[in-house]
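Okay, here's what each chain looks like letter by letter:
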Amino acid sequence: MAGGNERSMKALREVWRRAENSLCADCGKPDPDWASSTLGVFICLSCSGIHRNIPSISKVKSLKMDHWDDAQVQFLAKHGNAVTKATYEAHIPIYYYQPTYHDCQVLREQWIRAKYERKEFTEPGKHLPYADGVKEGILWKRGRDNGQFLPRKFLLSEREGCLKYFTKQDAKEPKINIKIDVINATFQPVKIGNPNGLQITYLKDNKTRNIFVYHESGKEVVDWFNAIRSVQFHYLKVAFPIASDNEIKNRLTRNFLKEGYMEKTGPKQREAFKKRWFTLDHRRLMYFKDPLDAFAKGEVFVGSRENGYSVQKGLPSGTQGNFSWHYGITIVTPDREYLFTCETESDQLDWIAAFTSVINQAMTPQEYAIEAYFKFKS
């Protein structure tokens, strides 16, 4: 640390070392080395950049490089992460998505602004824009065939238990009516090419369909995301009355376990390997010709180890078919083997870790039903 007298430096180090301050107050990243002198929280470098964009609320300083005077150190000692969280995170709805350092910028920024700027969670019963059970507005949606983003009216209704979108603002009938219990939503700024890009995925005839949308306002798109989670939560509370709130929370929107390119061959394992974009959504491994395709070209069910599923490093000896990538993966199912190749060893190990995490989990009754459907259609 530069500047300041030894007494202030020692006091600052003592506050900094408290267990409560060992993680970023906003995203949970370990070893934060910045702090807000006006809020009294310890934060990471990334979150400090967001705080810096709200100068009327937060003044940030480096714990290593900046000078802290006695009054500022005393303020930090009086507050810290635990005390500040008790105020600004006192009444967070259970369905509200609290991002981590793994999440994208727009989620983390709106979480920080919701806490400190808008003070959405400081008192019970406060009106929240995503808690009304209904939300209507315009989102820019990517066309399935032409790839153009056009404004479309979306309507989310808890009473009807669905999400609809309309091709025209004055249209009486929706283009699509999606049941709320089959929806997933996850932010995909890189894939979509927009910092506020949101991927909405749903099941239609037990097949996965993707919708890609964005909104110019980061607040608005995050409000849509949490509104979907709110409606899902209340729908599932009725559908599963004996389930705990945390059990239901774990069934709301989820991030994909892994995405990226691999090569695959066909069922005869003699065809040339083709490069495809893969998405692992828990037990569904989907592959697409293009990351922004509306429909998957195929899906593979990944079951549990106790039901005969496993993942192996490498390809079976004597594998035929041309492939340009040489880091192989074999998924073994009760019916057949699926062969893939990765561009790098790092990709290979990451995919194997993701598959292993799924295979090591016991299957639920609902997943047995999905497995039966996959076997039936094959």
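Up top is the structure.
Structure report, in brief. As the structure is a prediction and not an experimental result, all values here were calculated from the model.

### Here's the deal with the pairing of strand β10 (residues 207-214)
With seven of eight residues buried, β10 lies mostly within the body of the structure. Strand direction decides the pairing type here: strand β4 (residues 134-142) and β10, joined by two bridges, are antiparallel. Each residue of the ladder has a partner; that of Lys141, found in β10, is Val213. Relative to β10, strand β9 (residues 198-204) is paired through seven bridges, and the arrangement is antiparallel. Residue pairing for β10: Leu203 is matched across the bridge by Thr208. The loop that links β9 with its antiparallel partner β10 comprises two residues; one of these, Asp205, has a positive phi angle of about 55°.

### Section: unusual backbone geometry
Although it is not a glycine, Lys119 sits at a positive phi angle of roughly 50°. Summarising the element assignment, Lys119 is placed in the loop between α5 (105-117) and β4. Positive phi, close to 55°, is recorded for His282, a residue that is not glycine.

### A few points about the side chain of Ser58
Position of Ser58 among the secondary structure elements: in the loop between α2 (45-52) and β3 (60-62). Judged by its relative accessible area of 4%, Ser58 falls in the buried class. A polar side-chain atom of Ser58 sits 2.8 Å from a polar atom in the side chain of Ser36.

### Some words on the packing of aromatic side chains
For any pair of aromatic rings, geometry is given as the distance between the ring centres together with the angle between the planes. On inspection of all chains with the given rule, the structure shows 20 aromatic pairs. Seen in terms of ring centroids, Phe154 and Trp224 are 6.4 Å apart; in terms of plane orientation they differ by 75°. Their pairing is edge-to-face. Of the two residues, Phe154 sits in strand β5 (residues 149-157) while Trp224 sits in helix α7 (residues 218-239), which places them 70 residues apart along the sequence. Summarising the burial analysis for this pair, Phe154 and Trp224 share the class buried. The ring of Phe166 carries the charged tip of Lys153 above its face, separated from the ring centre by 4.5 Å. Its end group placed over the ring of Phe240, Arg251 keeps NZ or CZ at 4.4 Å from the ring centre.

Conventions adopted
Residues numbered from 1 in each chain as written. Predicted model: local features only at pLDDT ≥ 70, side-chain atom pairs only at ≥ 80, totals over all residues. Heavy atoms only, no water. Buried < 20%, exposed > 50% of the residue type's maximum accessible area, 1.4 Å probe, protein only. Helix = DSSP H or I, 4+ residues; strand = E, 2+ residues; numbered from the N terminus. Pairing = 2+ DSSP bridges. Polar contact = N/O pair within 3.5 Å; in protein donor to acceptor, adjacent residues only side chain to side chain. Phe/Tyr/Trp six-rings, centres within 6.5 Å; stacked < 30°, edge-to-face > 60°. Lys NZ or Arg CZ within 6 Å of the ring centre and 35° of its normal.

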